[in-house]
Amino acid sequence: MAMLWKFMRVAKYSKTALSPKVKVRGISTHSRHSSSKSVPSDFAANTPCSNTVELLGKAYPQDDYSNVTEKILSKVGKNLHNKKHHPLWLIKEQVKDHFYKQYVGRRGTPLFSVYDSLSPVVTVQQNFDSLLIPQNHASRRKADNYYLNRDHMLRAHTSAHQWDLIHSGLDAFLAVGDVYRRDTIDSTHYPVFHQMEGVRLFSCHELFSNIKDGEGLQLFEQGHRTAHKQECHTMEAVRLVEFNLKQVLTKLMTHIFGDGLQVRWVDCYFPFTHPSFEMEIYFQGEWMEVLGCGVMEQQLVNS
């Protein structure tokens, strides 16, 4: 079974880091989506003909779903989270260093691997279907996403890479990247922001080896879904995973914000985790959400 968390929810681009507009023919001035690998920012977007968009070395035919603007396309490939000494890079390195030191595998190497150069251009299948997001879910709307066409888009979350990374054989990793949503710009929102998320899969031995008389405990059962667990997970397994998850994230936030941090957990809903939680910290006189997390849906892992 697996746990998932996601933090760095909203981090705005600094205005000084933005490059001039890139002119793209055949793209309307409201919005459009795309999918492909991140490359240096001087490789921008252009259109070989009026009904296609070329982005990061690939051409995408436009259709009735295409809604990416040239302004948004000009941001693709900037990779601010990988630019040394940029604030986003500093946060990423702080989190990475914490995980490298705190969680070490049997051979003394870091338990978690880090992926920070994955392409921001993904398929709709990667962004939604692989995460069990229903076809009629509101998060798929054109009004909320940047589509290159019906099949490709700019990722709306780093979770778009989960299935591929797990499928490659990984059982503990961090994924970092720029993500794109059609948000109204205000003090805490911008159409391009950054996320970092982690995933860890547990075997029966890893979860129960340190539990007294834990030999007879199991990860799975044929039970019923409740507000606290999935139908296929035992209550003992869920409680241990939830405890581990919250402990890991509380320790991380204390590392970032300092000792004496006030934390509270709020039950919430995500299509790809159950149970699901949001962490809020008390910061400058108010409660602020800093991450979402949960026990990954076993159906997603099994797939």
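Anything mentioned here points back to the structure above.
Here goes a summary of the coordinates provided. Quick caveat, the model's predicted, so the values are computed rather than measured. (Residues numbered from 1 in each chain as written. Predicted model: local features only at pLDDT ≥ 70, side-chain atom pairs only at ≥ 80, totals over all residues. Heavy atoms only, no water.)

Turning our attention to the overall build of the chain. For the chain, the helix and strand inventory stands at 7 helices and 12 strands. Going through the 303 residues of the chain one by one, you find that 48% of them count as buried. Contacts spanning at least 24 positions in sequence make up 66% of the contacts within the chain whose residues lie at least 6 apart. For the chain, the accessible surface area stands at approximately 15,000 Å², while carbon and sulfur atoms represent 51% of it. (Helix = DSSP H or I, 4+ residues; strand = E, 2+ residues; numbered from the N terminus. Buried < 20%, exposed > 50% of the residue type's maximum accessible area, 1.4 Å probe, protein only. Contact = heavy atoms within 4.5 Å. Areas by Shrake-Rupley, 256 points an atom, 1.4 Å probe, with all protein chains shown as cover.)

To continue, consider the pairing of strand 10 (residues 263-270). Examined bridge by bridge, strand 10 and strand 11 (residues 273-283) share 7 bridges and lie antiparallel to one another. Pairing of Cys-268 across the sheet is with Ser-276, part of strand 11. Linking strand 10 to strand 11, which pair antiparallel, is a turn of 2 residues. (Pairing = 2+ DSSP bridges.)

So, about the pairing of strand 11. In terms of residue burial, strand 11 counts as a mostly covered element, since 9 of its 11 residues are buried. Relative to strand 12 (residues 286-296), strand 11 is paired through 9 bridges, and the arrangement is antiparallel. Note on strand 12: the bridge partner recorded for Met-279 is Leu-291.

Right, let's get into the side chain of Ser-66. By secondary structure assignment, the location of Ser-66 is in the loop between strand 4 (58-61) and helix 1 (70-73). The class of Ser-66 is buried, set by a relative accessible area of 8%. Polar contacts involving the side chain of Ser-66 include one to the main-chain amide nitrogen of Asp-63, which spans 2.9 Å. Polar contacts involving the side chain of Ser-66 include one to the main-chain carbonyl oxygen of Leu-148, which spans 2.5 Å. (Polar contact = N/O pair within 3.5 Å; in protein donor to acceptor, adjacent residues only side chain to side chain.)

Let's shift gears to helix 2 (residues 87-102). Structurally, the α-helix is built with 3.6 residues per turn, so residues lying three or four positions apart point the same way. For helix 2, built from 16 residues, the straight-helix expectation of 22 Å at 1.5 Å per residue is met to within 8% by its first-to-last C-alpha distance of 23 Å. Turning to helix 2, its buried residues are Leu-88, Trp-89, Lys-92, Val-95, Lys-96, His-98 and Phe-99. (Expected span 1.5 Å × (residues − 1).)

Turning to the pattern of salt bridges, a few remarks are in order. Once the charged atoms of two side chains with opposite charge are near each other, the side chains can pair. Under the definition given, this model contains 13 salt bridges. Among the ionic pairs, Asp-116 bridges to Lys-92, the shortest N-O distance being 2.8 Å. Here the residue Asp-116 occupies a position in the loop between strand 5 (113-115) and strand 6 (121-123), and Lys-92 occupies one in helix 2, the gap between them amounting to 24 residues. Grouping residues by exposure puts Asp-116 and Lys-92 together as buried. Here Glu-221 and Lys-229 are joined by a salt bridge, their closest N and O atoms 3.0 Å apart. What makes Glu-221 partly exposed here is its relative accessible area of 34%. Counted as one network, the salt bridges with shared partners bring together Lys-92, Glu-93, Lys-96 and Asp-116. (Salt bridge = Lys/Arg side-chain N within 4 Å of Asp/Glu carboxyl O.)

This part takes up the packing of helix 2 against helix 6 (residues 235-257). The interhelical angle for the contact between helix 2 and helix 6, taken along N-to-C directions, is 130°, at an axis separation of 10 Å. The pairing of helix 2 with helix 6 is recorded here as oblique in orientation. In this structure, helix 2 crosses over helix 6, and the sense of that crossing is right-handed. From helix 2, Gln-94, Val-95, His-98, Phe-99 and Gln-102 reach across to helix 6, where they touch Val-248, Lys-251, Leu-252, His-255 and Ile-256. (Axes fitted to C-alpha atoms, helices over the stretch in contact; angles between N-to-C directions. Parallel < 35°, antiparallel > 145°, perpendicular 65-115°, else oblique. Left-handed = near helix turned anticlockwise from the far one by under 90°.)

Before going further, it helps to spend a moment on a nonpolar patch on the surface. Taken together, the side chains of Phe-257, Phe-283 and Met-288 present a nonpolar region at the surface, about 230 Å² in accessible area. Its location among the elements puts Phe-283 in strand 11. (Patch = residues over 30% accessible without salt bridge, like charges linked within 9 Å, V, L, I, M, F, W, Y side chains within 5 Å.)

In this model, His-274 is joined to Pro-275 through a cis peptide bond whose omega is 0°. Structurally, the position occupied by Pro-275 is in strand 11. Even without glycine at this site, Asn-79 takes up a positive phi of about 50°. Mapped onto the fold, Asn-79 is located in the loop between helix 1 and helix 2. For Leu-132, which is not a glycine, the phi torsion comes out positive at approximately 65°. Here Leu-132 shows up in the loop between helix 3 (124-127) and strand 7 (152-154).

Now for the packing of aromatic side chains. Inspection of the entire model under this criterion finds 9 aromatic pairs. With a centroid separation of 5.0 Å and 90° between ring planes, the pair formed by Tyr-65 and Tyr-147 is classed as edge-to-face. With Tyr-65 in the loop between strand 4 and helix 1 and Tyr-147 in the loop between helix 3 and strand 7, this residue pair connects regions lying 82 residues apart in the sequence. You can call Tyr-65 partly exposed: its relative accessible area is 24%. A centroid spacing of 5.4 Å and a plane angle of 40° characterise the contact between Phe-99 and Tyr-103, whose relative ring orientation is tilted. Neither residue differs from the other here; Phe-99 and Tyr-103 are each classed as buried. Grouping aromatic residues by their ring pairs yields a cluster made of Trp-5, Phe-99, Tyr-103 and Phe-112. One residue, Lys-142, lies across the ring of Tyr-65, its end atom 5.3 Å from the ring centre. Positioned above the aromatic ring of Phe-277 is the side chain of Lys-246, whose terminal nitrogen or guanidinium carbon lies 4.1 Å from the ring centre. (Phe/Tyr/Trp six-rings, centres within 6.5 Å; stacked < 30°, edge-to-face > 60°. Lys NZ or Arg CZ within 6 Å of the ring centre and 35° of its normal.)

Keep in mind that these numbers describe shape and distance, not what the molecule does.
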